[in-house]
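Residue-level structure breakdown
Here are the chains, one letter per residue:
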Amino acid sequence: MKNIAILGSTGSIGTQTLDVVRANPELRVTALSCGRRIGMLEKQAREFRPMLVSAASEKDAADLKVRLRDTDIRVTCGMDGLMETASQPESEILVTAIVGMIGIRPTIAAIEAGKDIALANKETLVTAGHIIMPLARKKGVRILPVDSEHSAIFQALNGEDTGAVEKILLTCSGGPFRGFTWEQLEKVTPDDALRHPTWNMGKKITIDSASLANKGLEVMEVKWLYDVNPDRIQVVVQPQSIIHSMVQFVDGAVIAQLGMPDMKLPIQYALFYPQRKDMKTERIDWAKLGKITFENPDMETFPALAYAYEALRAGGSMPVVFNAANEAAVGKFLDRRIKFTDIYRIIRACMDAHSMISHPDVGQILDTEKAVREYIESRW
C-alpha cells in the first residue's frame, strides 16, 4: 500500500486524484482537506475512510464533526488543519491540489516531514520556488509535477543528462480566444472564458488559460523545477493539446511527451513514479487526429505571458505580485465586476507600483500578497 494525503480534495485535481485511487487499490488515502465543499468532503471521507479530514473554517469543521460522528475520522480546520494534513506521519506523499498561496506553508511542512510532493499548486513555486527547491534538496524530497506540461517535461528528461538541455518547449492550447483581437477580448464574458476547447479544469485555471496568465505561471514553475534560465523557455501554441511539452537538447534532438488531454495521466504518473501503471483512458487515434499544428503565442493581445516573463526576470517578490494581482483580478472577472481585459490592466498596474524585495521569506511573500490585494481593492 502507498499512503497519500490530499490538500484540496474537492477541486478538479483533487477529485481526479481520487479517481486514480479508485482505479488502483494499492493506494490508500490517509488525509483529506477542502475549502467550503463540506458535503462533498463528507462523501469522500465515507468512501475512502481517511484518518483525518480538514475544513477551512471552524464552523464547517463543527458541521463536519456532526456529519461524521458515526465514524472514527478526526476533523480539524484552518491553517493548523492544513499543516497537520501535510505532515501526517502515516502518509508518504502529499498531493497539493489546493488553489492559492495558502498552499505554501503546508507544502513546506510536508517537505520538512520528509514527504514527497505531487505538486499541482502553482503558487508554491511561482512565489516561493527559491525556498521550496533548496529545502526539498536538503531533505531528499522529490517534487513530482502534476501539471500536464511539467509532467511532460519531467518524463522527457527521464534518463537524460539535464546539462545537455538547450531549451524547454512549453506547449499551450491557446485557450478559447486564440486568434481574437484586443477589441474582441474587451467584450468576452466569464461564460465565454470558461469554455476551454480541450481541457476540463477548475474555474480559476480555466480563466488563466484563456488569458495566457496560466502559461506565464507555468514558465515560472519551469524555471524552478528544472533550473532553466527564462531565455531558454519557449512557449509554443499547440491547439490540439496532444503534445504536452518538449525538451530540445544541445545536439538538436527534441523529445516530446504526447497523449490525450486527461489530467489523470500526470496524476497517476506522479503517484507511482518511477513505475508506469495501466490506465483506462482514451488513446490517440492518429488517423482521426490527422495533423498537429504549431503557432507562436500572441503576447501583444494576451500580454499576461509577457508580464510573467518580465516578473520572472526581475525575480524577488515580483512573481508574487504577478500571481496575487492575477488571482484577485480573475476573482473580480468571475464576479462580473471587471472586464476580461482589466485582468491585464490590473497586473500591469500592480507590477509598476511594487517596490521589489530581492529575496523574500514566507512572511514577506504573504505580506506582499496582502498589499497587492489591498492596492487592487482601493482602485477597482
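Presented here is an overview of the structure given in this document.

Conventions and cut-offs
Residues numbered from 1 in each chain as written. Predicted model: local features only at pLDDT ≥ 70, side-chain atom pairs only at ≥ 80, totals over all residues. Heavy atoms only, no water. Helix = DSSP H or I, 4+ residues; strand = E, 2+ residues; numbered from the N terminus. Expected span 1.5 Å × (residues − 1). Buried < 20%, exposed > 50% of the residue type's maximum accessible area, 1.4 Å probe, protein only. Phe/Tyr/Trp six-rings, centres within 6.5 Å; stacked < 30°, edge-to-face > 60°. Lys NZ or Arg CZ within 6 Å of the ring centre and 35° of its normal. Pairing = 2+ DSSP bridges. Right-handed = clockwise from strand over helix to strand, strands pointing away. Axes fitted to C-alpha atoms, helices over the stretch in contact; angles between N-to-C directions. Parallel < 35°, antiparallel > 145°, perpendicular 65-115°, else oblique. Contact = heavy atoms within 4.5 Å. Nonpolar A, V, L, I, M, F, W, Y, C, P; charged D, E, K, R; others polar. Salt bridge = Lys/Arg side-chain N within 4 Å of Asp/Glu carboxyl O. 1 Å grid on protein atoms, 1.4 Å probe; cavity = no way out; pocket = protein on both sides within 12 Å on 5 of 7 lines; lining within 4 Å. Points joined across faces, edges and corners; volume = space filled by probe spheres on them.

This part covers unusual backbone geometry. Cis peptide bonds are those with omega within 30 degrees of zero, and the linkage from Tyr-273 to Pro-274 qualifies with 10°. Its place among the elements puts Pro-274 in the loop between helix H12 (264-272) and helix H13 (286-289). Its identity as a non-glycine residue notwithstanding, Arg-49 has a phi of 50°, on the positive side. Mapped onto the secondary structure, Arg-49 falls in the loop between helix H2 (38-48) and strand E3 (52-55).

Here we take up helix H15 (residues 318-334). The first and last C-alpha atoms of H15 sit 24 Å apart over 17 residues, in line with the 24 Å expected at 1.5 Å per residue. Burial within H15 is extensive, with 15 of its 17 residues counted as buried. Among the residues trailing H15, Arg-336 stands out with phi positive, at a value near 60°.

Another point: the packing of aromatic side chains. Considering all chains together, one arrives at eight aromatic pairs under this definition. For the ring pair Trp-182 and Tyr-344, a centre distance of 5.8 Å and an interplane angle of 35° mean the geometry is tilted. With Trp-182 in helix H8 (residues 182-185) and Tyr-344 in helix H16 (residues 342-353), this residue pair connects regions lying 162 residues apart in the sequence. Here Trp-182 falls in the partly exposed class, since its relative accessible area comes to 26%. Among the residues examined, Tyr-344 registers a relative accessible area of 1% and is labelled buried. Ring pairs connect the aromatic residues Phe-177, Phe-180, Trp-182, Phe-333, Phe-340 and Tyr-344, which therefore count as one cluster. In this structure, Lys-223 is placed above the aromatic ring of Trp-224, and the distance from its NZ or CZ to the ring centre is 4.5 Å. Over the aromatic face of Phe-272 sits the side chain of Lys-277, whose NZ or CZ is 5.3 Å from the ring centroid.

Turning our attention to the pairing of strand E6 (residues 116-119). Of the two faces of E6, the one carrying Asp-116 and Ala-118 and the one carrying Ile-117 and Leu-119 are both buried. Bridge analysis of strand E5 (residues 93-96) against E6 gives four bridges, and the strand direction is parallel. By the bridge assignment for E6, Thr-96 is matched with Leu-119. The handedness of the E5 to E6 crossover, carried by helix H5 (residues 104-112), is right-handed. Here three bridges tie E6 to strand E7 (residues 143-145), and the two strands are oriented parallel to one another. Bridge pairing in E7 links Ile-117 to Ile-143. Tracing the backbone out of E6, into helix H6 (residues 122-139) and back to the parallel element E7 gives a crossover that is right-handed.

At a minimum axis distance of 10 Å, the contact between H5 and H6 shows a crossing angle of 10°. Classified by the angle their axes make, H5 and H6 are roughly parallel. Together, Ile-104, Thr-107, Ile-108, Ile-111 and Glu-112 of H5 and Glu-123, Thr-124, Thr-127, Ala-128, Ile-131, Ile-132, Leu-135, Ala-136 and Lys-139 of H6 make up the contact between the two elements. Its residues placed into classes, the contact of H5 with H6 shows eight nonpolar, three polar and three charged.

Now for the pattern of salt bridges. Enumeration over the complete set of coordinates arrives at 31 salt bridges. The residue Arg-22 makes a salt bridge to Asp-19 at a minimum N-O spacing of 2.7 Å. Separated by three residues within a single helix, Arg-22 and Asp-19 lie in helix H1 (residues 12-23), roughly one turn from each other. Judged by relative accessible area, which is 44%, Arg-22 ranks as partly exposed. For Asp-19, a relative accessible area of 33% gives the class partly exposed. As a salt-bridge pair, Glu-84 and Arg-74 come within 1.9 Å of each other at their nearest N and O atoms.

For the rest of this paragraph, the subject is the layout of surface pockets. Unfilled space is identified by rolling a water-sized probe across the atoms. Counted as a void, the second largest pocket has a volume near 410 Å³. Along the wall of the second largest pocket there are 19 residues; nearest its centre are Phe-154, Leu-157, Thr-162, Leu-225 and Tyr-226. Secondary-structure elements contributing two or more residues to the lining of the second largest pocket are E7, strand E8 (165-172) and helix H11 (213-226). The greatest single-element share of the lining of the second largest pocket, amounting to three residues, is contributed by E7.

Functional significance is not addressed by these values, which are geometric in nature.
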